[in-house]
Amino acid sequence: MSDGLRYMTRLFVSMFRMSAPRPRTARGTAVLVLLGICAVTYGYVPALAEGDPDAGREYSAQMLRSRLVAMERAFERVGGVYEEEVAPVERVLSRYRSNDPRLVRRISVALVRESKKRGVDPSLMVGVLLVENPMLDPKARSFVGATGLMQVMPLHQGRWGCGPRLDDVESNICTGSKILASYLREEKGDLNRALLRYNGCVTGSNTPHCHDYPRYVLARAALVRQQEAKSAADEELVGSE
């Protein structure tokens, strides 16, 4: 196995462990076991079926080589997505929670995944999160009951198909992204009005200076775009060498 494949394997496993839901039931575990059996069967049973041992070994070696090439290409794609989309978010969030890189990566993967699903710019999602919860505390709760990373109000709990727990990283970000996406649709893309609605700022009488909320969000979103531009420039520089 090449060094590149080893690196991409570690990266893929790291991202999978922190972003993919683990099976919580016997059925879920059984599905994974079945997939593993199918993969092994698909990869090696044809070789075992060969009558000639030498031909079988050669066939097995060819199949293994072709699968290694396919895996390496797949891991390269995973690595490309990580470097282009997740890493810039991770670098920004690390400034706010440098003592917990696993949590930072988990949050970064969830932010990118959910923003892509909802058609919301990931940098905007990061901006909202950093204004709402700069400590990156999944269990944070405001005096009015807003909970988690995106400070979701209790009235939204369980209403968006994202899971019932607002203090869960993935469920909270999923809920927050759906709420923000719905406001953007209802306001016909008016970002300022959508952000004010997310913040609950209608007249500004209950929360003084709440109309500054969009400015704060966009300032933090700009940090991610700066990191994305830096990553693109670094990649172009490496490609030109």
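Please refer to the structure higher up on the page.
Presented here is an overview of the structure given in this document. Remember, predicted model here, so these are calculated numbers, not experimental data.

**Describing the overall build of the chain**
Along the backbone of the chain there are eight helices and zero strands. Helices and strands in the chain line up, N terminus first, as α-α-α-α-α-α-α-α. Buried residues in the chain amount to 36% of all 241 residues. When contacts within the chain are restricted to residue pairs at least 6 apart in sequence, long-range pairs at least 24 apart make up 50% of them. Total accessible area on the chain is roughly 14400 Å²; 57% of this is exposed by carbon and sulfur atoms.

**Examining the state of the cysteines**
On inspection of all chains with the given rule, the structure shows two disulfides. In this model C162 forms its disulfide with C174; the gap between the sulfur atoms is 2.0 Å. Of note, the bridge from C162 to C174 carries an S-S torsion of about -60° and is left-handed in sense. Within this pair, whereas C162 is found in the loop between helix 5 (122-132) and helix 6 (169-186), its partner C174 is found in helix 6, the two being separated by 12 residues in sequence.

**Here we look at unusual backbone geometry**
Its identity is not glycine, yet Q151 carries a phi of approximately 50°, on the positive side. Here Q151 shows up in the loop between helix 5 and helix 6. Even without glycine at this site, K188 takes up a positive phi of about 55°. The topology assignment puts K188 in the loop between helix 6 and helix 7 (191-198). With relative accessibility at 76%, the residue K188 sits in the exposed group.

Reading guide: rules and limits
- Residues numbered from 1 in each chain as written.
- Predicted model: local features only at pLDDT ≥ 70, side-chain atom pairs only at ≥ 80, totals over all residues.
- Heavy atoms only, no water.
- Helix = DSSP H or I, 4+ residues; strand = E, 2+ residues; numbered from the N terminus.
- Buried < 20%, exposed > 50% of the residue type's maximum accessible area, 1.4 Å probe, protein only.
- Contact = heavy atoms within 4.5 Å.
- Areas by Shrake-Rupley, 256 points an atom, 1.4 Å probe, with all protein chains shown as cover.
- Disulfide = S-S within 2.5 Å.

Take it as geometry only, folks, not as evidence of what the structure does.
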